[in-house]
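Below are the chains, spelled out letter by letter.
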Amino acid sequence: MAEVRTRFAPSPTGFMHVGNLRTALYAWLLARSEKGKFILRIEDTDQARYVANAVEVIYASLKSAGLDHDEGPDKDGGFGPYIQSERRGLYRKYAEELVASGNAYYCFCGKCDDEDDEEIHEASALCPCAAMDKAEAAAKVAAGEAHVIRQRIDRSKISTFTDTVFGTISIENKVLDDQILLKQDNMPTYNFANVVDDHLMNITHVVRGSEYLSSTPKYNLLYEAFGWEIPTYVHLPLIMGRDAEGNVSKLSKRHGSVSFENLVAEGYLPEAIVNYIALLGWSPKSDREIFTLAELSEAFKVTGLNKSPAVFDYDKLRWMNSEYIKALSPEDFAAAAAPFAQVSGTVLEKSWNKIAALLHGRTEVLSEIPEKIAFLKELPEYTVDLFNHKKSKSDPENSRSDLPELQKKLAELSTWDAENISGAISSFAAEKEVKAGRPMWQVRIAVSGCAVTPGGPGEIMEILGKEESLRRIALALEKLA
RNA sequence: GUCUCCAUCGUCUAGAGGCCUAGGACACCGGGUUUUCAUCCCGGCAACACGGGUUCGACUCCCGUUGGAGAUGCCA
């Protein structure tokens with residue numbers, strides 16, 4: 001059995017769509033689980049779409065996701081170059097080989113106008129150039145006339161192929177277009193470059209989205225025309241998104257953040273994203289859901305791949321992210337959360353580790369941290385209504401009478417830490433013969449102005465410091481007066 | 001329009017003819033723990049699209065219907 005070689009062939013668009021990342025992941029998983037090679041190839045045949053630094057984005061994303069490649073533009077494995085624009089000289093030769101064998105022809109029809117799109121499109125399948133005399137066509141080309149090279153398809157046949165996940169599929173050739181192989185600018189189209197490069201790079205398994213299912217016969221016709229071995233196809237179910245109206249379609253920007261970079265910037269951990277997308281369209285056939293990359297490559301089997309499209313569920317990603325966050329060590333969490341917290345340069349900076357400890361078990365997505373701790377920087381506007389809390393039997397009335405005593409007790413504290421502060425509040429409750437929940441609520445509202453806070457009053461006041469805490473209680477008393 | 005594919009809880013999925021009064025997870029709803037919220041624990045809600053076959057028996061196999069998606073670019 002030959003060595004398994006899979007590839008990831010993104011085009012440099014400047015961002016990594018999660019659908020592409022998942023394709024990369026499965027290709028990587030397949031290679032790793034078979035002890036094969038994973039190749040990175042950049043498909044930049046569309047010169048109009050050139051984006052600066054886009055290749056760096058691809059490297060960075062793959063690295064961050066943990067998908068290491070064995071060969072690529074930056075890692076020569078003897079099959080380079082790995083960037084298609086650097087291979088441009090090579091495609092024409094293959095296209096002309098097809099012309100010579102009658103499997104392709106020169107077309108001089110020119111670019112079609114958008115308005116006549118339908119018509120010309122129709123014509124392209126039955127292009128008059130297909131019938132042109134070979135010598136005449138060759139002469140036109142020699143004279144420098146603008147042209148493209150189209151694939152010639154035997155429309156009388158039926159193409160059948162077998163896909164690893166979708167099974168056997170048959171398509172009548174007559175519905176296939178004479179697709180363009182080589183563009184007017186002498187660059188290959190994606191489809192053509194793909195076939196040539198996959199063959200030249202000895203790719204054994206083509207892993208790609210199921211949107212290519214219906215064009216696969218065109219690929220196969222090309223392989224056959226060249227006399228090349230057809231690779232094993234592994235088509236993946238699409239990742240869908242749901243829009244505001246509830247309609248589902250291929251996941252795109254209108255559905256929310258769809259790039260790996262955006263998700264990371266929003267505070268999703270790369271490991272969580274990878275784990276989540278691994279389960280979108282693939283099942284380990286068990287109840288387990290949390291997998292590291294290494295565990296994934298251990299468990300991965302193509303038989304677990306699904307056929308039906310999967311809707312990207314941000315809620316579940318969020319849950320998975322929280323699982324990964326909780327699994328972080330306190331130090332790692334503090335480090336990961338710091339860039340999001342916006343505390344550097346503020347009074348909170350020196351207390352960051354304490355704040356992080358409070359945040360750790362209560363954060364699902366890192367980007368929500370600033371709003372969770374905003375009250376520490378500045379006491380928010382609030383109304384005395386907040387002092388009402390049924391369960392702890394707190395209300396504005398008893399807050400008005402209790403808070404001054406609490407204030408006094410707190411002011412007398414010599415050691416200002418969470419334990420002593422809580423102790424003082426508890427002892428007050430004991431003296432008053434009320435449940436601790438009541439003064440806890442009263443004080444927490446006074447110092448935070450929030451119904452929901454990370455941590456209780458002790459922790460909050462320790463971070464705030466004695467002076468600021470007492471100032472806030474005094475402020476609350478003014479409100480209550 | 002044409003072609004191709006898909007079809008189990010709202011979502012991701014398990015199920016390869018009897019193990020299914022269909023299992024897990026997210027979300028949602030209750031209850032408990034917690035000095036608030038959250039965490040955590042316990043419980044609940046919720047699905048085999050429909051119609052025909054095949055079979056002693058169908059979520060599982062076949063056909064059709066319906067619904068959904070993708071493709072149909074000198075984009076990838």
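Whatever comes next refers back to the structure up there.
Throughout what follows, the structure given in this document is the object of discussion. Small disclaimer: the values here were computed from a predicted structure and weren't measured. (Residues numbered from 1 in each chain as written. Chains lettered and ligands numbered in written order. Predicted model: local features only at pLDDT ≥ 70, side-chain atom pairs only at ≥ 80, totals over all residues. Heavy atoms only, no water.)

## Thoughts on the overall build of chain A
Argument step 1. On a plain count of helices and strands, chain A comes out with 19 helices and 12 strands.
Argument step 2. The C-alpha radius of gyration computed for chain A amounts to 32 Å, which surpasses the reference 23 Å derived for 481 residues by more than 25%, pointing to a less compact arrangement than a globule.
Argument step 3. Referenced to the eigenvectors of the C-alpha coordinate spread, the extents of chain A come out at roughly 105 × 50 × 35 Å.
Argument step 4. A buried classification covers 49% of the 481 residues belonging to chain A.
Argument step 5. Intrachain contacts of chain A at a sequence separation of at least 6 include 73% that bridge at least 24 residues.
Argument step 6. Summed over all atoms, the accessible surface of chain A reaches about 23200 Å², with 51% contributed by carbon and sulfur.
Argument step 7. Positive and negative side-chain charges in chain A, numbering 55 and 71 respectively, have mean positions lying 4 Å apart. (Helix = DSSP H or I, 4+ residues; strand = E, 2+ residues; numbered from the N terminus. Rg over C-alpha atoms; globule rule 2.2 N^0.38 Å. Buried < 20%, exposed > 50% of the residue type's maximum accessible area, 1.4 Å probe, protein only. Contact = heavy atoms within 4.5 Å. Areas by Shrake-Rupley, 256 points an atom, 1.4 Å probe, with all protein chains shown as cover. Lys, Arg positive; Asp, Glu negative; His and termini not counted. Charge placed at Lys NZ, Arg CZ, Asp CG, Glu CD.)

## Section: the sheet that holds strand E12 (residues 310-311)
Argument step 1. Spatial strand order, E11-E10-E12: 3 strands in an open sheet with mixed pairing. The open sheet terminates on both sides in strands that have one partner only, identified here as strand E11 (248-250) and E12.
Argument step 2. One ladder, built from 3 bridges, connects strand E10 (residues 239-242) with E11; its direction is antiparallel. In the sheet register, Gly241 faces E11, and the bridge partner there is Ser249. (Pairing = 2+ DSSP bridges.)

## Focus on the packing of helix H16 (residues 418-432) against helix H18 (residues 457-464)
A pair of packed helices is captured by two measures, namely the crossing angle of their axes and the spacing between those axes.
Argument step 1. Packing of H16 against H18 leaves a shortest axis separation of 8 Å and a crossing angle of 130°. Classified by the angle between their axes, H16 and H18 sit oblique to one another. Between H16 and H18 lies a crossing of right-handed hand. Between H16, through Ala418, Ile421, Ser422 and Ile425, and H18, the contact on the second element is made entirely by Pro457, Gly458, Glu459, Met461 and Glu462.
Argument step 2. Looking at the contact of H16 with H18 residue by residue, the classes come out as 5 nonpolar, 2 polar and 2 charged. (Axes fitted to C-alpha atoms, helices over the stretch in contact; angles between N-to-C directions. Parallel < 35°, antiparallel > 145°, perpendicular 65-115°, else oblique. Left-handed = near helix turned anticlockwise from the far one by under 90°. Nonpolar A, V, L, I, M, F, W, Y, C, P; charged D, E, K, R; others polar.)

## What to know about unusual backbone geometry
Argument step 1. One non-glycine residue, Asn186, lies in positive phi territory at about 75°.
Argument step 2. Within the element layout of this structure, Asn186 appears in the loop between strand E7 (180-182) and helix H6 (190-200).
Argument step 3. Not every positive phi belongs to a glycine, and Glu433 is a case in point at roughly 55°.
Argument step 4. Relative to the helices and strands, Glu433 is located in the loop between H16 and helix H17 (437-448).

## Describing the packing of aromatic side chains
Argument step 1. Taken as a whole, this structure holds 12 aromatic pairs when the rule is applied.
Argument step 2. Taken together, the ring pairs in this structure connect Tyr26, Trp282, Phe291 and Phe300 into an aromatic cluster.
Argument step 3. Here Arg208 stacks its cationic end above the ring of Tyr219, 4.2 Å away from the centre of that ring.
Argument step 4. The ring of Phe291 has Arg288 lying over it, and the distance from NZ or CZ to the ring centre is 4.3 Å. (Phe/Tyr/Trp six-rings, centres within 6.5 Å; stacked < 30°, edge-to-face > 60°. Lys NZ or Arg CZ within 6 Å of the ring centre and 35° of its normal.)

## Here we look at the sheet that holds E7
Strand pairing in a sheet is mediated by backbone hydrogen bonds. Such pairs are either parallel or antiparallel.
Argument step 1. Spatially, E3-E4-E7 is the arrangement adopted by the 3 strands of the open sheet, whose pairing is antiparallel. Because the sheet does not close on itself, it has two edges, and the strands there are strand E3 (104-107) and E7. Here the average twist between neighbouring strands, direction ignored, is 40°.
Argument step 2. One ladder, built from 4 bridges, connects E3 with strand E4 (residues 148-151); its direction is antiparallel.

## Structural notes on the pattern of salt bridges
Pairs may arise between side chains of opposite charge once their charged atoms sit close together.
Argument step 1. Following the criterion strictly, the structure yields 29 salt bridges and no others.
Argument step 2. The closest approach of N and O atoms between Glu295 and Arg288, which form a salt bridge, is 3.3 Å.
Argument step 3. Between Lys326 and Glu323 there is a salt bridge, with the nearest N and O atoms lying 3.6 Å from each other. Here Lys326 and its partner Glu323 are both found in helix H11 (residues 314-327), 3 residues apart, which amounts to about one turn of the helix.
Argument step 4. A residue is classified by how much of its surface remains accessible, and Lys326, at 47% relative accessible area, is partly exposed.
Argument step 5. Shared partners join several salt bridges into a network, and the residues in it are Arg7, Arg41, Glu43, Arg87, Asp197 and Asp198. (Salt bridge = Lys/Arg side-chain N within 4 Å of Asp/Glu carboxyl O.)

## Re H18
Argument step 1. Here H18 lies mainly inside the structure; 6 of its 8 residues are buried.
Argument step 2. Within H18, burial applies to Pro457, Gly458, Ile460, Met461, Ile463 and Leu464.
Argument step 3. Those residues of H18 hidden inside the fold are in contact with helix H13 (352-360), helix H14 (369-377), helix H15 (396-411), H16, H17 and helix H19 (466-480).
Argument step 4. Gly465 lies just past H18 and shows a positive phi near 90°.

## Examining the nonpolar core
Argument step 1. Core analysis: the biggest nonpolar cluster contains 96 residues, and Leu67, Phe312, Trp352, Leu376, Leu403 and Leu410 have the highest contact counts within it.
Argument step 2. When residues in this core are grouped by element, the largest group, 10 residues, is from helix H1 (residues 18-33).
Argument step 3. With residues up to four places along the chain from it excluded, the contact list for Trp352 reads Ala334, Ala337, Ala338, Ala341, Val343 and Leu359.
Argument step 4. In terms of nonpolar packing, the next biggest core, distinct from the first, is built from 41 residues, Ala95, Val99, Tyr219 and Phe226 among them. (Core = buried A, V, L, I, M, F, W, Y, C linked by side-chain atoms within 4.5 Å.)

## Structural notes on the side chain of Ser448
Argument step 1. Residue placement: Ser448 occurs in helix H17.
Argument step 2. With a relative accessible area of 0%, Ser448 lands in the buried category.
Argument step 3. Engagement of the side chain of Ser448 in a polar contact is seen with the backbone oxygen of Arg444, the distance being 2.6 Å.
Argument step 4. Beyond its immediate sequence surroundings of up to four residues, Ser448 is in contact with Phe375, Leu379, Pro380, Thr453, Ile460 and Arg472. (Polar contact = N/O pair within 3.5 Å; in protein donor to acceptor, adjacent residues only side chain to side chain.)

## Section: the environment of Phe300
Argument step 1. Note on placement: Phe300 falls in the loop between helix H10 (293-299) and E12.
Argument step 2. Look at Phe300 and you get buried, because its relative accessible area is 6%.
Argument step 3. Expressed as a C-alpha distance, the spacing of Phe300 and Lys354, which sit 54 residues apart in the sequence, is 40 Å.
Argument step 4. When residues no more than four places from it in sequence are discounted, the contact partners of Phe300 are Tyr26, Leu29, Leu30, Ser33, Trp282 and Leu305.

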